[in-house]
Amino acid sequence: MSTVGLRDVSKVFPDGTRAVDAVSLDVADGEFLVLLGPSGCGKSTVLRIVAGLEDPTSGAVLLDGALANDLPPRDRGIAMVFQDFALYPHMSVRDNIGFPLKLAGLDPDNRGERVSDVAGALGIGEVLGRRPSQLSGGQRQRVAMGRAIVRRPGLFLMDEPLSNLDSGLRAELRAEISGLVRELGVSTIYVTHDQAEALTMADRVAIMRRGVLQDVGTPTQVYGRPATLYVAAFLGSPRMNLLEASVYAHLDRYVAIDLGSQVIHLPWDDIRSRVVAHYHGERIVVGVRAEALTPVPPDHRGDVLRGRIRFLEHHGHESLAFLDIGATAVVIDEVGADPADPDEFVRRGRFGQLVQRLAGRSAQPSPAAAAQTSVLTDQGRHHRRPGELVVRLAPYPAVSAGDGLAVSVRVDALHFFDERGDRIDVGWR
Ligand code: ATP
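We now turn to the structure provided with this report.

Parameters and conventions
Residues numbered from 1 in each chain as written. Predicted model: local features only at pLDDT ≥ 70, side-chain atom pairs only at ≥ 80, totals over all residues. Heavy atoms only, no water. Core = buried A, V, L, I, M, F, W, Y, C linked by side-chain atoms within 4.5 Å. Buried < 20%, exposed > 50% of the residue type's maximum accessible area, 1.4 Å probe, protein only. Helix = DSSP H or I, 4+ residues; strand = E, 2+ residues; numbered from the N terminus. Domains from an automatic or database assignment. Contact = heavy atoms within 4.5 Å. Near = heavy atom within 4 Å. Polar contact = N/O pair within 3.5 Å; in protein donor to acceptor, adjacent residues only side chain to side chain. Areas by Shrake-Rupley, 256 points an atom, 1.4 Å probe, with all protein chains shown as cover. Nonpolar A, V, L, I, M, F, W, Y, C, P; charged D, E, K, R; others polar. Expected span 1.5 Å × (residues − 1). Arc of directions from axis to C-beta. Pairing = 2+ DSSP bridges. Axes fitted to C-alpha atoms, helices over the stretch in contact; angles between N-to-C directions. Parallel < 35°, antiparallel > 145°, perpendicular 65-115°, else oblique. Left-handed = near helix turned anticlockwise from the far one by under 90°. Salt bridge = Lys/Arg side-chain N within 4 Å of Asp/Glu carboxyl O.

Overview of the nonpolar core
Point 1. Within the largest apolar cluster, 53 residues are counted, with the highest numbers of intra-cluster contacts made by I97, M145, F156, M158, I207 and L242.
Point 2. Per element, the largest residue contribution to this core is six residues, and it comes from helix α8 (residues 229–234).
Point 3. In this structure, this core is formed jointly by two domains, domain 1 (4–225) and domain 2 (234–417), each of which donates at least three residues.
Point 4. Residue contacts for L242: discarding those within four places in its chain leaves L229, A232, A233, V285, V286, G287, T328, A329, V330, I332 and F417.

In structure tokens:
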């Protein structure tokens, strides 16, 4: 088996593109590590550096603890699976899977046995005699996996292996792939831009943006305590509500988090209040996920935010209310539309604004865009615009667009970020 270590690895291409910027990362023996980030953030380049297909400009690549910068790809004990899994069209499934063993000089009997074992494990034992053109997309991807597995590599590198498949098959293969590699105990680096894929498959997730590693941790850690504003915005569906706030510390009592027209209180016995109090008189960003907001009766006491529902989205198993609470949203570049929220594409586009106007909804992106300001931080750009709070409701809510709604806020589940986008917290991880 294999461990991987990257130490301050950078890659600058001849045209000056800094694709990977001082990345340090470890993959433990048998670990399933997912490298997550938007298109162009450098994930594939990291993978290619580990495979030996690309030389790092600086830094060290360690395989099983030994410096491997100059080790040829064929000596790295690595198998790769790509998005466009190229199978040999003129060969049967059996011969496609067995091809690496043939190259390695294994005799036909042993080859046949190994191929049958792998095909059985992948559920393609019945189609060994077929050609790739006679297979479904999912079966072809299983053959590609089989060809990678059959050599019993120490390390799997997978680059968006599921992105050409439809969503049902992707979900099925996700479970299969992660189950299989765990059974085999092979260390794996899996590249994807799909946060749901990352959170469901990974032992640990490493999130990249513009060549820089933003955060590494278990899915629970990176989702529950994201290291940066970017990670907070990237993970989860619906996306985390990110709101601009001013901080006013009332020492020994509470810290007031002023969202513009409403205030929530961080009690002094919440240990984070000591750190947030350092930002007295300054602006920070407050993150709150939909699961930390609960609709309550209008006269409910405590930390409650009140607003008017701008519109409702029905998702079958739940509805999402977009609540205008008079706050300013912070929008992060490069997060992309929410894959589980196709309406976000629609809302943001011109077509969506037209649909909303025809449907009598406010065409909110227009004034929002006009009021948008942007801040360039070390981690990229984020913008401010009037924004709504996304609240989860039951599938058939008793409220409609235009109604008032009160939601109580779980203050212990709030996230705080400074203007640079770094998490404000104490003694975490
Ligand atoms: P995707 O998901 O779209 O494949 P990625 O996160 O894998 O994106 P990379 O393919 O690693 O990103 O590319 C990172 C950056 O490096 C991009 O800006 C890309 O345009 C650039 N890049 C990649 N290969 C080269 C090259 N050979 N020469 C110059 N720039 C390159």
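After presenting the structure, the write-up continues.
A word on the site of the ligand
Point 1. Around the ligand sit 13 residues, and of these S39, G40, K43, S44 and T45 come closest.
Point 2. A distance of 2.7 Å is found between an oxygen atom of the ligand and a backbone nitrogen or oxygen belonging to G40.
Point 3. The contact in question runs from an oxygen atom of the ligand to an N or O atom on the backbone of C41, over 3.0 Å.
Point 4. Contact with the protein chains removes 60% of the 630 Å² of surface that the ligand exposes when unbound.
Point 5. If one sorts the elements of the shell around the ligand by residue count, helix α1 (residues 43–51) sits on top with three residues.
Point 6. Considered class by class, the residues forming the shell around the ligand number four nonpolar, six polar and three charged.

Some remarks on helix α3 (residues 108–122)
Point 1. With 15 residues, α3 ought to run about 21 Å at 1.5 Å a step, and its terminal C-alpha atoms sit 21 Å apart, in line with that.
Point 2. Taken as a whole, α3 has its buried residues at R111, R114, V115, V118, A119 and L122. For α3, the angular spread of the buried residues around the axis is 130 degrees, confining them to a single face. More than 90 degrees from the buried face of α3, the exposed residues found are D109, E113, D117 and A121.
Point 3. Count one or two residues on from α3 and you reach G123, which has phi positive near 75 degrees.

Quick look at the sheet that holds strand β8 (residues 187–192)
Point 1. The sheet built from six strands is open, its strands ordered β6-β7-β8-β3-β9-β10 with mixed pairing. Single-partner strands in this sheet number two, and they are β6 (78–82) and β10 (212–217). Strand-to-strand, the axes of this sheet are offset by a mean angle of 15 degrees, without reference to chain direction.
Point 2. Pairing analysis gives five bridges linking strand β7 (residues 155–159) to β8, with the strands arranged parallel. The residue bridging F156 from the neighbouring strand is T188, located in β8.
Point 3. Contacts from helix α4 (residues 137–149) reach β6 and β7, with the element oriented near 170 degrees to β6.

Overview of the packing of α4 against helix α5 (residues 167–184)
Point 1. Remark: α4 packs on α5, axes separated minimally by 11 Å, with the N-to-C direction vectors making an angle of 15 degrees. For the element pair α4 / α5, the angle class is roughly parallel. Both α4 and α5 take part in a crossing whose hand is right-handed. Across from G137, G138, Q141, R142, M145 and I149 in α4, the residues of α5 making contact are L169, E172, L173, E176, I177, L180 and L184.
Point 2. Per-class residue counts for the contact of α4 with α5 are seven nonpolar, three polar and three charged.

Brief notes about the side chain of N241
Point 1. Tracing the sequence through the fold places N241 in strand β11 (residues 241–250).
Point 2. Under the relative-accessibility criterion, N241 is labelled buried at 4%.
Point 3. Here V390 takes part through its backbone nitrogen, which lies 2.7 Å from a polar atom of the side chain of N241.
Point 4. Ignoring any residue separated from it by four or fewer positions in sequence, one finds N241 in contact with V286, G287, V288, R289, A290, L293, E388, L389 and V390.

Thoughts on the pattern of salt bridges
Side-chain pairs of opposite charge can arise where the charged atoms are in close proximity.
Point 1. Under the definition given, this model contains 18 salt bridges.
Point 2. Among the ionic pairs, R392 bridges to E318, the shortest N-O distance being 2.6 Å. Of this pair, R392 sits in strand β19 (residues 380–393) while E318 sits in the loop between β16 (304–314) and β17 (319–332); the two residues are 74 residues apart in sequence, bridging distant segments of the chain.
Point 3. The class of E318 is buried, set by a relative accessible area of 12%.

A short note on the environment of P56
Point 1. Residue position: P56 is located in the loop between α1 and β4 (58–63).
Point 2. Between the C-alpha atoms of P56 and T45, which are 11 residues apart in sequence, the distance is 9.2 Å.

A few points about the sheet that holds strand β2 (residues 18–27)
Point 1. Strands sit in the order β2-β1-β4-β5 across an open sheet of four strands; the sheet is antiparallel. Each end of this open sheet is capped by a strand with a single partner; those strands are β2 and β5 (66–67).
Point 2. Bridging between β4 and β5 involves two bridges; their strand directions are antiparallel. Within the sheet, the bridge partner assigned to L63 lies in β5 and is A66.
Point 3. Taken strand by strand, α1 contacts β1 (4–12), β2 and β4, and its axis lies near 120 degrees from that of β1.

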